[in-house]
Every structure is written in structure tokens, then in C-alpha cells.
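Architecture and fold: a report
Chain by chain, the residues run as shown.
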Amino acid sequence: MKSVKLTFLSIALIAAMSACNSSKKMSAPATAEPTKPEETEFWEPVPAIVKPGMTPSDAPSDAIVLFDGKGSGEWEQADGKDFAWTIADGAMTVKPKTGDVHTKRSFGDCQLHIEWRTPAEVSGTSQGRGNSGIFLQERYELQVLDNYDNRTYSNGQASSIYKQSVPLVNACKGPGDWQTYDVVYKAPVFDASGNRTSPGYITVFHNGVLTQNHTEIKGTTEYIGWPKNIAHGEAPIKLQDHGNLVSYRNIWIRRL
Ligand code: MG
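These lines cover the structure that appears in this document, whether it is placed above or below. As the structure is a computational prediction, the values presented were derived from the model and not from experiment.

Some words on the packing of aromatic side chains
Scanning the entire structure with this criterion turns up three aromatic pairs. Ring geometry for W85 and Y248: centres 6.5 Å apart, planes at 25 degrees, overall stacked. Of this pair, W85 sits in the loop between β2 (75–77) and β3 (86–88) while Y248 sits in strand β15 (residues 247–255), and the two are 163 residues apart along the sequence. Residue classification places W85 among the buried residues on the basis of a relative accessible area of 5%. Relative to Y162, the ring of Y153 lies with its centre 6.1 Å away and its plane at 55 degrees, an arrangement referred to as tilted. For Y153, a relative accessible area of 31% puts it in the partly exposed group.

Right under this line is the structure:
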């Protein structure tokens, strides 16, 4: 029995390594324990060169800059009308009652950097205080909220995946302070019949602090009701008009 198990393990190991060889172009077959360092080195593929920004918040050379403070060219109202939010002092700010805005381009897997600020003048409580949101693929909300000394339901506070996943910690800065989200997003996958074959995943750093660690996205982030999973492809990044004067700046994205 032991030898059968060992044989099975050996076959599995060889199969895995040969799969690795074909996809990663490993330089040497590794069917036995390597005895030389070069046997576990591979030189292909060669990573593309990306010039980093001056700081980690600055766009690297291969990013698409979605908002640099100057114009709304990448954006429109989510209903397709012309951009109606306010652009001033290098930021775009929600214009209440004009509705959500979204990117004209669509995205799937991505790395997203976005900076946001809730109003310095505090008004409202719980979900009524500095509420907005960043929707990946227009469906999955990473909550934006002023949760500096402002209690609300935990799966609805800043850095939550709305109504799904509580952030690991509360890393909020105060009202009126600029804050950052750095997001790594893996889009859900659907088959030809529309069945979801892999959920989406999201990792979030809030002001440099990890708040979502490869969190599985259960489906759409509904205000009322359970998450839904209707097949979709690439889709815009959407920012929410929740009636509060939340501002955004320095938005860039890298396709993954
Ligand atoms: Mg929101």
C-alpha cells in the first residue's frame, strides 16, 4: 500500500513539474531532487520593465491614469450623460443628485490606486457621514465612509466589501484628510453557460494598512438582499454618489 501511495505521489509530482516546465519554461527537468543550483533556476519569461513612480502613490510607467486632477476625460456619468461632478483644486467631488460616475473604459483583473477624502465639516452619523464607494466592475463595492470615530455596521464601514466582508482593522484618517486605497482585484470568471466558475478576490491596503487579504467576493454588494452572480465581462470602475461631498484624486490603474 505504501509503495502504491509513493508511486502515485511520484507520478503526481512529475506531472506537476512537467506542467510547470511547459508553462514556465523551466531550464531543466526536475524529476529528481536537484543537486546543482542552476537546476532550479529559470530565465524565461523575462519580466517587463516598469518605471516606478517617485513614491508608491505615483503612477508607474505602465499605468492608465484615470484622473490626474486636471480633467474628466476618462469619466462620464454612469447613465452615459456628460460628467457632472465638480472638478477643482486637483480633485473631483461628488455633486449630489447627479448620480454615480464611471470610467469610459472597462476593466477586469487590475491593480488600482485611488485617493479619497470625506468632508472636513462633519455632518451625519453612521452611513450618512462621508459615504461614497468604489465599485469594481460596477458591481462590487469597496466602501468609502468617514469611520473616524463614527460607528456603523462593521460590514459597511470604510474598507469593507459592502455587506460582505469586515475590514481587518479600521485604518481611517480623520475627516478632511486624504486617504489611499491600493487594491489588487481578481475578477470572477464565468463559463459559456453563465455559471460562475471562480469567484472574484480582492486585496486592499487602506493608507498602507492591509484591510482585505485576498477576500473572496460573494457576488454583487446589495443594499438589500443576498449577493447575486450574473455573468459579465470587463466593466467600468464606478464611484458612488451617496449624497455626501466626497472627493477623489490621483486615480490610476494597471491591467493584470
Ligand atoms: Mg457607499
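A few points about the sheet that holds strand β8 (residues 140–144)
In space, the five strands of this open sheet follow the order β2-β5-β14-β7-β8, with antiparallel pairing throughout. Two strands bound the open sheet, and with one partner strand each, they are β2 and β8. Pairing analysis gives two bridges linking strand β7 (residues 132–136) to strand β14 (residues 238–239), with the strands arranged antiparallel. Within β14, the position partnered with F135 by the bridge is K238.

What about the nonpolar core?
Grouped together as the largest cluster of nonpolar side chains are 36 residues, with contacts concentrated most on Y181, L239, Y248 and I251. Every element with two or more residues in this core is listed here: β1 (64–67), β6 (110–117), β7, β8, β9 (179–186), β12 (200–206) and β15. It is β6 that contributes the most residues to this core, four residues altogether. Not counting chain neighbours up to four residues away, the residues in contact with I251 comprise I64, V65, L66, F67, W75, M92, L112, H113, I114 and L239.

Notes on empty space enclosed by the protein
Per the stated rule, a full pass over the model turns up one cavity of 30 Å³ or more. For the lining of the largest cavity, the per-class residue count stands at four nonpolar, three polar and one charged.

What about the environment of Y223?
Along the chain, the position of Y223 falls in the loop between β13 (209–217) and β14. A relative accessible area of 60% means that Y223 is categorised as exposed. Distance from Y223 to Y162, taken between C-alpha atoms, is 8.1 Å for residues 61 residues apart in sequence. If near-sequence neighbours (up to four positions away) are discounted, Y223 is found in contact with Y162 and K163.

How each quantity is defined
- Residues numbered from 1 in each chain as written.
- Predicted model: local features only at pLDDT ≥ 70, side-chain atom pairs only at ≥ 80, totals over all residues.
- Heavy atoms only, no water.
- Phe/Tyr/Trp six-rings, centres within 6.5 Å; stacked < 30°, edge-to-face > 60°.
- Helix = DSSP H or I, 4+ residues; strand = E, 2+ residues; numbered from the N terminus.
- Buried < 20%, exposed > 50% of the residue type's maximum accessible area, 1.4 Å probe, protein only.
- Pairing = 2+ DSSP bridges.
- Core = buried A, V, L, I, M, F, W, Y, C linked by side-chain atoms within 4.5 Å.
- Contact = heavy atoms within 4.5 Å.
- 1 Å grid on protein atoms, 1.4 Å probe; cavity = no way out; pocket = protein on both sides within 12 Å on 5 of 7 lines; lining within 4 Å.
- Points joined across faces, edges and corners; volume = space filled by probe spheres on them.
- Nonpolar A, V, L, I, M, F, W, Y, C, P; charged D, E, K, R; others polar.

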